[in-house]
Each structure stands twice: as C-alpha cells, then as structure tokens.
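Secondary and tertiary structure notes
Residue-level listing of the chains:
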Amino acid sequence: GARVSDAARIAADAHISHLPVVEAGALVGIVCVCDFGHVHPGSAVAECMTRKPVTVSVDVSAPGAAQLMLDHEISCLPVLVGPELRGIITLGDLRRAGVIDHPPARCASCGSDEHVRGAGYGDDVGYCLDCTRRSVPPGYEAGGG
C-alpha cells in the first residue's frame, strides 16, 4: 500500500537505489528508484515493483551472487534466510569488494558510476539517474506527456 512518493523519499534520504517490498514479514517484491519514473508519484509501489524477484540465501558465495546478477541482468539481489529478508547485495557492493573486476559504466554527462542506464544507442552511452532526472523538462511527468 506504500506510495511511490513515500518510497522515493525513503530511498533518497537513505542514499539507496533499491527497496524491498515486504508484506506480513515476507518479501513480495523489489523496486528500484529508476522504476519510479514510469508511474505517477501517488501510485502504489506495487504498480512498479518487480514481483517474485530473484533472491539468494545468506550462504551464497560472492562470485555466485555476481554470476546470478549478470545472468539475470539485474543489479541487486535480496538476501533471505528462509522467507525472511536479511539484506540486499548490489553489483556496486560486489565491485567494491573486488568480486567483479570489469569497470562500471560511466555517465556520459557527469562521469558518475552510480545507477547508469543505457541511452538506447548501444552499450557505449549511458546516463546516471540524476542526469536523467535533470534532463526532464519542467512540468513533464513520465507517462503523462
């Protein structure tokens, strides 16, 4: 029942990009801040979350988690003990730990390596979430024209 605007504020305040969605103590989905641009801020988080996300248990190896993320083309994995969420591991975490050795994508505008997404012109050009947000004309809402 949480609203996108509330989730976006939580993510911004905590300086994180991924939020687990938990209902009655069980993980029901995950949402990335880049998903928020596809829905109205008053929408329910359930409208843009990934249901039944790929997860790992706490005993997975770091290389195993990295390979799973690369295989599924995802940037985070919820970590579970049984049905209980214990944390989230991201590609950035694995990069900082030296598990992933290829360099991260860099924003073509500001050079950041945080949350860079392709611009649709191949893998050579991408922009970070902050630069993408700044490029939206005032008064424009995603999906609203």
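Use the structure listed above.
Let me begin by describing the structure that accompanies this report. (Residues numbered from 1 in each chain as written. Predicted model: local features only at pLDDT ≥ 70, side-chain atom pairs only at ≥ 80, totals over all residues. Heavy atoms only, no water.)

Details of the overall build of the protein
Note the following rule: Secondary structure elements follow DSSP: runs of H or I of four or more residues count as helices, runs of E of two or more count as strands, with numbering from the N terminus. Relative accessible area decides the class of each residue, using a 1.4 Å probe on protein chains only: under 20% of the type maximum gives buried, over 50% gives exposed, and in between gives partly exposed. Contact criterion: two residues are considered in contact whenever any of their non-hydrogen atoms come within 4.5 Å of each other. Accessible areas in this description were obtained via Shrake-Rupley with a 1.4 Å probe; residue shielding takes into account the shown protein chains only.
A tally of regular secondary structure across the protein gives four helices and eight strands. Tracing the protein from N to C terminus, the helices and strands come up as α-β-β-β-β-α-β-β-α-β-β-α. Every one of the 145 residues in the protein was classed for burial, and the buried ones make up 30%. Residue pairs in contact within the protein that sit at least 24 positions apart in sequence constitute 36% of those at least 6 positions apart. Per element, the accessible surface of the protein, about 9,000 Å² overall, is 53% carbon and sulfur.

Points about the sheet that holds strand 6 (residues 84-90)
Cut-off, in case you're wondering: If DSSP finds at least two bridges between two strands, the strands pair. Each axis is a line fitted through C-alpha atoms, and for a helix only the stretch in contact is used; angles between axes span 0 to 180 degrees, taken between their N-to-C directions.
Read from one edge to the other, the open sheet built from three strands follows the order 4-5-6, with strand pairing classed as mixed. The open sheet has two edge strands with one neighbour each: strand 4 (56-57) and strand 6. In this sheet, strand 6 lies alongside strand 5 (residues 76-81) in antiparallel orientation, the contact comprising six bridges. The residue of strand 6 that forms the bridge with Val81 is Glu84. Across the sheet, helix 2 (residues 62-72) lies against strand 4, strand 5 and strand 6, angled at about 130° from strand 5, the strand it touches most.

Digging into the sheet that holds strand 3 (residues 50-51)
The antiparallel open sheet is built from three strands, whose spatial order is 1-2-3. Of all the strands in the sheet, just strand 1 (18-23) and strand 3 have a single pairing partner and so form its edges.

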